[in-house]
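What follows is each chain in one-letter form.
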Amino acid sequence: MVNFFPQNLTLKEKRKFFIGSVIPRPIALVSTLSDEDIVNIAPFSYFNIVTYDPPVLSISVQRTETRHKDTARNILKNREAVVHIVDQDNVEAANLTSAALEADNSELDISDFTTIASQTIRVPGVNEAKVRYETELYDSMVIYNDQNKPTADLLLLKVKHYHIDESIYQNGYVDPLKLKAVSRLAGNDYAEVGRIFPLERP
């Protein structure tokens, strides 16, 4: 087995090791509002569940040369976001929202997404997602590199309201085959839900 110390790797190697081995990663499509009420939409695969009591999700937003991305800046300022699950039906539009736009431009202009009003927060949701969570900022943490420069914002988002499409919901459960969630791999690659198999816990 090959092995490395982090300090002996380039930033590119560190990133490639992580995104090539920590797979599959769920994808959050996050909508936020700027101070000028411009809707920002962006996908993030550094995303997961923290706990269900209270319901909290985590999203890590990498910085660009120590600068906040629009999503992190909007959430830290306005403390609200809608988190959507990316699936086979919306993944191409979600991919378009990863384009680097100026802060005063909305990803709605370059994708086919349409918005719907939320029930508990000002930020609108995306109609084309089968699952969306209205959230508020629970806590945040800045991640620093070895040179003490900020490189990422870890955001903990508490769910205030759930939206589940009736087509994937039955008897209190979400059907994974009907949800058709996709996950992120490395490079340009994504993955669909494959073979599902049970294992009884000891």
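This text follows the structure it describes.
Reading the values: rules and limits
Residues numbered from 1 in each chain as written. Predicted model: local features only at pLDDT ≥ 70, side-chain atom pairs only at ≥ 80, totals over all residues. Heavy atoms only, no water. Patch = residues over 30% accessible without salt bridge, like charges linked within 9 Å, V, L, I, M, F, W, Y side chains within 5 Å. Areas by Shrake-Rupley, 256 points an atom, 1.4 Å probe, with all protein chains shown as cover. Salt bridge = Lys/Arg side-chain N within 4 Å of Asp/Glu carboxyl O. Lys, Arg positive; Asp, Glu negative; His and termini not counted. Charge placed at Lys NZ, Arg CZ, Asp CG, Glu CD. Helix = DSSP H or I, 4+ residues; strand = E, 2+ residues; numbered from the N terminus. Buried < 20%, exposed > 50% of the residue type's maximum accessible area, 1.4 Å probe, protein only. Contact = heavy atoms within 4.5 Å. Pairing = 2+ DSSP bridges. Axes fitted to C-alpha atoms, helices over the stretch in contact; angles between N-to-C directions. Core = buried A, V, L, I, M, F, W, Y, C linked by side-chain atoms within 4.5 Å. Phe/Tyr/Trp six-rings, centres within 6.5 Å; stacked < 30°, edge-to-face > 60°. Lys NZ or Arg CZ within 6 Å of the ring centre and 35° of its normal.

1. Looking at a positive patch on the surface
- A surface patch of like charges, here positive, comprises Lys12, Arg15, Lys16 and Lys69.
- Structurally, the position occupied by Lys12 is in helix H1 (residues 11–21).
- By relative accessible area, which is 61% here, Lys12 ends up exposed.

2. Let's talk about a nonpolar patch on the surface
- Taken together, Tyr162, Ile164, Tyr169 and Val174 make up a surface patch of nonpolar side chains, about 370 Å² in accessible area.
- Topologically, Val174 is positioned in strand E12 (residues 173–174).
- For Val174, a relative accessible area of 39% corresponds to the partly exposed category.

3. Focus: the environment of Ser140
- With respect to the helices, strands and loops of the structure, Ser140 is situated in strand E9 (residues 131–144).
- Residue Ser140 is classed as partly exposed on the basis of its relative accessible area, which comes to 36%.
- Discounting chain neighbours no more than four positions away, the residues touching Ser140 are Leu76, Leu154 and Leu155.

4. Things to note about the pairing of strand E2 (residues 28–33)
- With six of its six residues buried, E2 lies for the most part within the structure.
- Burial along E2 is two-sided: the face carrying Ala28, Val30 and Thr32 and the face carrying Leu29, Ser31 and Leu33 are both buried.
- In terms of strand pairing, E2 meets strand E3 (residues 39–44) through six bridges, oriented antiparallel. Bridge pairing in E3 places Val30 opposite Ala42.
- Counting the residues in the hairpin turn of E2 and E3 gives five residues, including Asp37, whose phi is positive at 60°.
- Relative to strand E6 (residues 80–85), E2 runs antiparallel, the two being bridged by four bridges. In the strand pairing of E6, Val30 is matched with Val83.

5. Some points on the sheet that holds E2
- One open sheet holds the seven strands; their spatial order is E3-E2-E6-E9-E10-E5-E4, and the pairing between them is antiparallel. Looking at the sheet topology across the chains shown, the edges are occupied by E3 and strand E4 (47–52). Neighbour to neighbour, the strand axes of the sheet diverge by 35° on average, direction disregarded.
- Most of the contacts of helix H2 (residues 70–78) go to E2, to which it runs at about 55°, and overall it touches E2, E3, strand E5 (55–62), E6, E9 and strand E10 (150–164).

6. Some words on the nonpolar core
- Counting 22 residues, the largest nonpolar core has Val30, Phe47, Ile59, Ile75, Val83, Ile85 and Tyr133 as its most contacted members.
- Among the secondary structure elements, those contributing two or more residues to this core are E2, E3, E5, H2, E6, E9 and E10.
- Filtering out sequence-adjacent residues up to four positions away, Phe47 remains in contact with Pro26, Ile27, Ala28, Leu57, Ser58, Ile59, Val83 and Ile85.
- In terms of nonpolar packing, the next biggest core, distinct from the first, is built from 15 residues, Ile27, Ile41, Val86 and Ala94 among them.

7. Remarks on the sheet that holds strand E14 (residues 190–192)
- The three strands are arranged E1-E13-E14 in an open sheet whose pairing can be described as antiparallel. The sheet terminates laterally at strand E1 (25–26) and E14, the two strands that pair on one side only.
- Where strand E13 (residues 182–184) meets E14, three bridges bridge the pair, whose relative direction is antiparallel. Looking at the pairing, Arg184 lines up with Tyr190 of E14.

8. Thoughts on the packing of aromatic side chains
- Counted according to the given criterion, the structure contains two aromatic pairs.
- For the ring pair Phe4 and Phe17, a centre distance of 5.3 Å and an interplane angle of 35° mean the geometry is tilted. On the criterion of sequence distance, the pair formed by Phe4 in the segment before H1 and Phe17 in helix H1 is long-range, its members being 13 residues apart.
- Ring geometry for Tyr133 versus Tyr162: centroids 5.7 Å apart, planes at 80°, classification edge-to-face. Taken as a pair, Tyr133 in strand E9 and Tyr162 in strand E10 lie far apart in primary sequence, 29 residues in all.
- The buried category is assigned to Tyr133, whose relative accessible area is 17%.
- Judged by its relative accessible area of 47%, Tyr162 is partly exposed.
- One cation-aromatic arrangement involves Arg184 over Tyr190; the distance from NZ or CZ to the ring centre is 4.6 Å.

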